[in-house]
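Descriptive analysis of the structure
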Amino acid sequence: MSVDALPPRPARAASPGLVLGAALSAVFVVMALVGLVWTPHDAAVLDVSQRLQGPSGAHPFGTDHLGRDVLSLIVAGAWNSLAVSLVAVGIGIAAGVPLGLWAAAQGGWADEVLGRVNDIVFAFPAILLAVMITAAAGPGALNAIVAIGIFNIPVFARVARGSALPLWRREFVLAARVAGKGRLRISAEHILPNISSQLIVQGTIQFALGILAEAGLSYVGLGAQPPAASWGRMLNEAQTFYAAAPWLVIAPGLAIVLAVLGLSLLGDAARDLLDPRLRRR
Amino acid sequence: MTGGLSIRDLSVAIHGRTVLRGVSLEVEPGGVLALVGESGSGKSMTALAAMGLLPPGAVATGAVALDGTPLLNRPEAELVRVRGRDIGMVFQEPMTALNPVRTIGDQVAETVRQHQAVGRADALLLAHDTLARVGLDPAAIPPDRYPHELSGGQRQRVAIAIAVACRPRIILADEPTTALDVTTQAQVLDLLTRLAREDGAGLLLITHDLALVAGMADRIAVMKDGAVVEQGEALDLLRAPQHPYTQGLLRDAAHLPVRTPRPVDPAGPLLEVCGLVREYPRPRPSLFRAAPPFRAVDGVDLTIRRGESVGLVGPSGCGKSTLLRTVLALEVLDRGEVRLLSRSLTGARGADLRDLRRRIQVVFQDPYGSFDPRWTVERLVAEPLHLLPDPPAGAARRKRVEAMLDSVGLSPADADRYPHQFSGGQRQRIAIARALIVEPAVVALDEAVSALDVTIRARILDLLADLADRLGLSYLFVSHDLAVVRAITDRVLVMEAGRIVEEGPTEQVFQAPRHAMTRALVAAAPSLDLALAGRVEPASPVAP
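Residues numbered from 1 in each chain as written. Chains lettered and ligands numbered in written order. Predicted model: local features only at pLDDT ≥ 70, side-chain atom pairs only at ≥ 80, totals over all residues. Heavy atoms only, no water.

A word on the overall build of chain B. For chain B, the helix and strand inventory stands at 20 helices and 20 strands. A globule of 544 residues ought to have a C-alpha radius of gyration of about 24 Å, and chain B, at 25 Å, matches this closely. The principal-axis extents of the C-alpha atoms in chain B amount to approximately 70 × 60 × 45 Å. For chain B, the residues scored as buried account for 53% of the 544 residues in total. The contacts in chain B between residues at least 6 apart in sequence include a share of 68% that link residues at least 24 apart. For chain B, the computed accessible surface area is about 22,500 Å², with 52% contributed by carbon and sulfur atoms. Looking at charge distribution, chain B has the averaged site of its 61 positive side-chain charges lying 4 Å from that of its 64 negative ones. (Helix = DSSP H or I, 4+ residues; strand = E, 2+ residues; numbered from the N terminus. Rg over C-alpha atoms; globule rule 2.2 N^0.38 Å. Buried < 20%, exposed > 50% of the residue type's maximum accessible area, 1.4 Å probe, protein only. Contact = heavy atoms within 4.5 Å. Areas by Shrake-Rupley, 256 points an atom, 1.4 Å probe, with all protein chains shown as cover. Lys, Arg positive; Asp, Glu negative; His and termini not counted. Charge placed at Lys NZ, Arg CZ, Asp CG, Glu CD.)

Once that is clear, we can look at unusual backbone geometry. Residues and elements named next belong to chain B. Even without being glycine, A329 reaches a positive phi, approximately 60°. Looking at where A329 falls in the secondary structure, it is placed in the loop between α11 (320–327) and β14 (335–340). For A329, a relative accessible area of 24% corresponds to the partly exposed category. The phi torsion at A497 lies on the positive side, around 45°, for a residue other than glycine. Topologically, A497 is positioned in the loop between β19 (491–496) and β20 (499–505).

Across the contact, 30 residues belong to chain A and 35 residues belong to chain B. Across the interface of chain A and chain B, roughly 2,900 Å² is buried in total on both sides, 57% from carbon and sulfur atoms. Applying the counting rule to chain A against chain B returns one salt bridge. Between A:K181 and B:E383 there is a salt bridge, and its shortest N-O distance comes to 3.2 Å. There are 13 residue pairs in polar contact (both at pLDDT 80 or more) connecting chain A and chain B. Of all elements in the fold, only α6 (171–178) and α7 (183–219) of chain A reach the threshold of two or more residues within the side of chain A that touches chain B. (Buried area = accessible area lost by both parts, 1.4 Å probe. Salt bridge = Lys/Arg side-chain N within 4 Å of Asp/Glu carboxyl O. Polar contact = N/O pair within 3.5 Å; in protein donor to acceptor, adjacent residues only side chain to side chain.)

Residue and element names in this part refer to chain B. Counted under the stated rule, the structure contains zero disulfides over all chains. With no disulfide of its own, C274 has C318 as its nearest cysteine by sulfur position, at a separation of 20 Å. A relative accessible area of 3% places C318 in the buried class. (Disulfide = S-S within 2.5 Å.)

A separate point is the sheet that holds strand β16 (residues 360–363) of chain B. Backbone-to-backbone hydrogen bonds join strands into a sheet, with any given pair of strands oriented parallel or antiparallel. All names here are of chain B. Within the open sheet, the six strands sit side by side as β16-β17-β18-β13-β19-β20. Their pairing is mixed. The sheet is open, and its two edges are formed by β16 and β20, each paired on a single side. The mean inter-strand angle of the sheet, taken between neighbouring strand axes irrespective of direction, is 20°. Where strand β13 (residues 310–313) and β19 come together, four bridges link them in parallel fashion. Note on β19: the bridge partner recorded for L312 is L493. (Pairing = 2+ DSSP bridges. Axes fitted to C-alpha atoms, helices over the stretch in contact; angles between N-to-C directions.)

Soluble, globular proteins show a tendency: their nonpolar side chains are buried together. Core analysis: the biggest nonpolar cluster contains 53 residues, and B:I432 and B:L464 have the highest contact counts within it. Of all hydrophobic cores here, the second largest spans 52 residues; its members include B:L136, B:A196, B:V222 and B:A234. (Core = buried A, V, L, I, M, F, W, Y, C linked by side-chain atoms within 4.5 Å.)

Residues and elements named next belong to chain B. Where strand β1 (residues 5–14) and strand β2 (residues 17–27) come together, seven bridges link them in antiparallel fashion. By the bridge assignment, V12 is partnered in β2 with L20. When β1 meets strand β4 (residues 58–66), the two strands line up antiparallel, connected through eight bridges. By the bridge assignment for β4, S11 is matched with T61.

Our next topic: the environment of B:V27. Residue and element names in this part refer to chain B. On the secondary structure map, V27 appears in strand β2. Judged by its relative accessible area of 2%, V27 falls in the buried class. Sequence separation of V27 and G3 is 24 residues, and the distance between their C-alpha atoms is 8.4 Å. In contact with V27, other than residues within four places in its own chain, are G3, G4, L5, L33, I170, G202, L203 and L204.

Below, the discussion takes up the pattern of salt bridges. All names here are of chain B. Going through the model one piece at a time under the given rule, you end up with 48 salt bridges over all chains. The partner of E198 in a salt bridge is R194, with the nearest N and O atoms 3.2 Å apart. Placement of the pair is E198 and R194 together in helix α7 (residues 182–199), with a separation of four residues, close to one helical turn. Among the charged side chains, a salt-bridge network with shared partners connects R133, R167, R194, E198 and D199.

Next up on the list: helix α6 (residues 152–164) of chain B. All names here are of chain B. Helix length check: α6, at 13 residues, gives a terminal C-alpha distance of 18 Å against a target of 18 Å (1.5 Å per residue), a fit within 8%. Most of α6 is tucked away, with twelve of its 13 residues classed as buried. Every buried residue of α6 is accounted for by G153, Q154, R155, Q156, R157, V158, A159, I160, A161, I162, A163 and V164. Packed against the buried residues of α6 are β6 (87–90), α3 (94–97), α4 (104–115), α5 (120–133), β7 (170–174) and α7. (Expected span 1.5 Å × (residues − 1).)

A word on the packing of α6(A) against α7(A). All names here are of chain A. Running from N to C, α6 and α7 cross one another at 165°; their axes reach a closest spacing of 11 Å. Of the possible angle classes, the one that applies to α6 and α7 is roughly antiparallel. The handedness of the crossing between α6 and α7 is right-handed. Each of F172, V173, A176 and R177 in α6 lies in contact with α7, whose residues at this interface are I186, H190, I191 and N194. A class-by-class count of the residues in the contact of α6 with α7 yields five nonpolar, two polar and one charged. (Parallel < 35°, antiparallel > 145°, perpendicular 65-115°, else oblique. Left-handed = near helix turned anticlockwise from the far one by under 90°. Nonpolar A, V, L, I, M, F, W, Y, C, P; charged D, E, K, R; others polar.)

In this section: the sheet that holds β4(B). Residue and element names in this part refer to chain B. Ordered in space as β2-β1-β4-β5, the four strands form an open sheet in which the pairing is antiparallel. Lying at the two open borders of the sheet, with one neighbouring strand each, are β2 and β5 (69–70). The sheet strands contacting helix α1 (residues 43–51) are β1, β2 and β4, and the helix crosses β1 at an angle near 110°.

On to the confidence of the model for chain B, then. Residue and element names in this part refer to chain B. Averaged over all residues, the pLDDT of chain B equals 86, while 96% of them reach at least 70. Mean pLDDT values for the elements of chain B range from 69 in helix α20 (residues 528–532) up to 93 in helix α13 (residues 377–382). With a pTM of 0.79, the predicted complex shows an ipTM of 0.74. (pLDDT = per-residue confidence, 0-100.)

Residue and element names in this part refer to chain A. Taking 1.5 Å as the rise per residue, helix α1 (residues 16–37) with 22 residues should run 32 Å; its terminal C-alpha atoms sit 32 Å apart, in good agreement. All buried positions along α1 are accounted for by G21, L24, S25, F28, A32 and G35. End-on view of α1: buried residues confined to an arc of 95°, all on one side of the axis. Facing away from the buried side of α1 by over 90 degrees, the exposed positions are P16, V19, V27 and V37. (Arc of directions from axis to C-beta.)

With that settled, the discussion passes to the packing of aromatic side chains. Counted according to the given criterion, the structure contains two aromatic pairs over all chains. Their ring planes at 50° and their centres at 5.8 Å tell us that A:F28 and A:W231 sit as a pair that is tilted. Of this pair, A:F28 sits in helix α1 while A:W231 is found in helix α8 (residues 231–238), placing the two residues 203 residues apart along the sequence. For A:W231, a relative accessible area of 1% puts it in the buried group. Where A:W102 meets A:W109, the ring centres are 5.9 Å apart and the plane angle is 80°; that geometry is what we call edge-to-face. Just above the ring of B:W375 sits the side chain of B:R379; from NZ or CZ to the centre is 3.8 Å. A cation over an aromatic ring shows up here: B:R417 above the ring of B:F422, its NZ or CZ 4.5 Å from the ring centre. (Phe/Tyr/Trp six-rings, centres within 6.5 Å; stacked < 30°, edge-to-face > 60°. Lys NZ or Arg CZ within 6 Å of the ring centre and 35° of its normal.)

Next comes the structure, spelled out in structure tokens:
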């Protein structure tokens, strides 16, 4: 262990993770927004004469079994993934964080009840709930949002409660209580800002997982319905042709992987930037 | 070539920043060298360098040798054989130094097996002997216990057992007693020096507290800013310190703030606690039987009159903190009453409770944990203003905060900074500003200077004494540090197992303690005067 060869640690610059994560996430979001108004080809037009073509200048990722341009389907499907998982994360934060904060502040029976309800929700697979909702209301993107959103609630409730509990024993919270502040106000002023980095990290993880879950639900036909494009359904439709036309599997698969990876990297970098203790002094 | 640990002209730079400059120390076999200095002076870095445990990016030059064998910048494989076998190390925090999921016997045996070719059974046998040697009698504390089942002092004994199991030639102890209370502290130090002498091992004792080591060190080295400013025979150095920094340290360690005696107001007590009881439920032994609750505070009476400062001392776990939190209405009480300004705090609600709360404020021990890291100092200091019926806002609030910062010795511009930008002593000033902004009558100080270096502690004590004189404050001073309590209080209460066992004027109680607990506390308190008089006796064998 020679210690004299080590150079001084470089000053902290933008980390590669941040750059890569931000770039991938930006591509994903821009693609989703652009896909709303423009795609290279019309993703809904079927042209069976052009079916199962390999990658070419006109169709960079080839065409599917109905002759649709795969690149256009990917671009059009990005919006579906983004919207479903973003709204689902929103549902989880809006309902889960207040519940978790309340359980941590109140303790006792409130905490117990919330904990057991969480356990019950966790015991159901998301797919089962989605099937139930579909059975009652028919399939669609909205049902996918509700199903994924409901499963985000206990996740955020647990993260909020778990991060808040140790803070309630910290001296600065005691000081706030000595200053006469109530539990609600301390939760809002002290606890929430101090758990925000955990929530942001969890938010990006759930966002990424939401994309996966949406893809899974669409794959089994419980997500967005045709003619709306969806990455999960593209995978489903492609599996019959994977030997003859592997690009049909690779393109949506790669899109899912890169979107999930980009969001995860961005979440990590965001946590480092948001914490004043980690900020450069 | 000398025996023992020899450090010659050791310099260390981490990422280009120099942290040690030409440190030279000798720890002789069987000798005790105390390395004293404030936090950040490079004491721990010296020990880490000696063990080859410097953080990544550190560059060390100079020489470190153990019995003539060079240690500095040696390959890791060589050092691994030396650590634990020839050098034993004891750290400050006994809870984190032990593995929570392994029994204490196992952990001692592991060190033995690492360095000696013995079987598992033999290693365990040796571990049992070592534990017995550090005062953990296998009959009372079986080696198959886990760390969490032991008290802090007992855990530190296990850490010492691990350090001495292989009979090392050098023991490095980095603030081994800082996390312990005063009676346990004396016993643990006593044990360390005894073991070192028995084995003929050198002991390097790192501490920030001169008084603590004054009685047992053969030699003392004083460090400041990464350099040794003075070293010599312990008594010579303490009696006639040469370097101004050492002189300052000695002065600050014995520093007594100037307090103007104030007439105690005969008109009614300020704070009155009557028959206070606080109980915690214990786990049920069976489904059908409840355990009797644990009584943390057991019928305590306490009175503070206007213009009077009262100390509350006792070993850790005696219920001081619970009592304090109950008095601050942070915890509900099970029986008794707390009265502030002749009004009952017990059961007060809403505006009434807010008005009472502004009369009693608190300064906590930890200058790091007592501030929300995301708030500016202005917002932090202004937080208790919430208690006023008509809290000032905007420029008025700013003005009030600035005036408060000024009176605790900080600059008004500090209001815009964040707590992590301040040193420990400055943060404690911010905490005092926060407590005083609502002009309370009583300020509770929960170990408020225990985490500070002597020099900073002396300044904070001066500030507290000055504020008490200027603002007519009364303090409730909770501490295990008798020297501090003695410096700043008029009356003292001694607590043991939830009860007040002795009470009286501070000087009288400490001069002529009546209760066994008080006597144990006074005997164990490190004292420079006693050490200089050469009268330090081994600590009395009080059970931890």
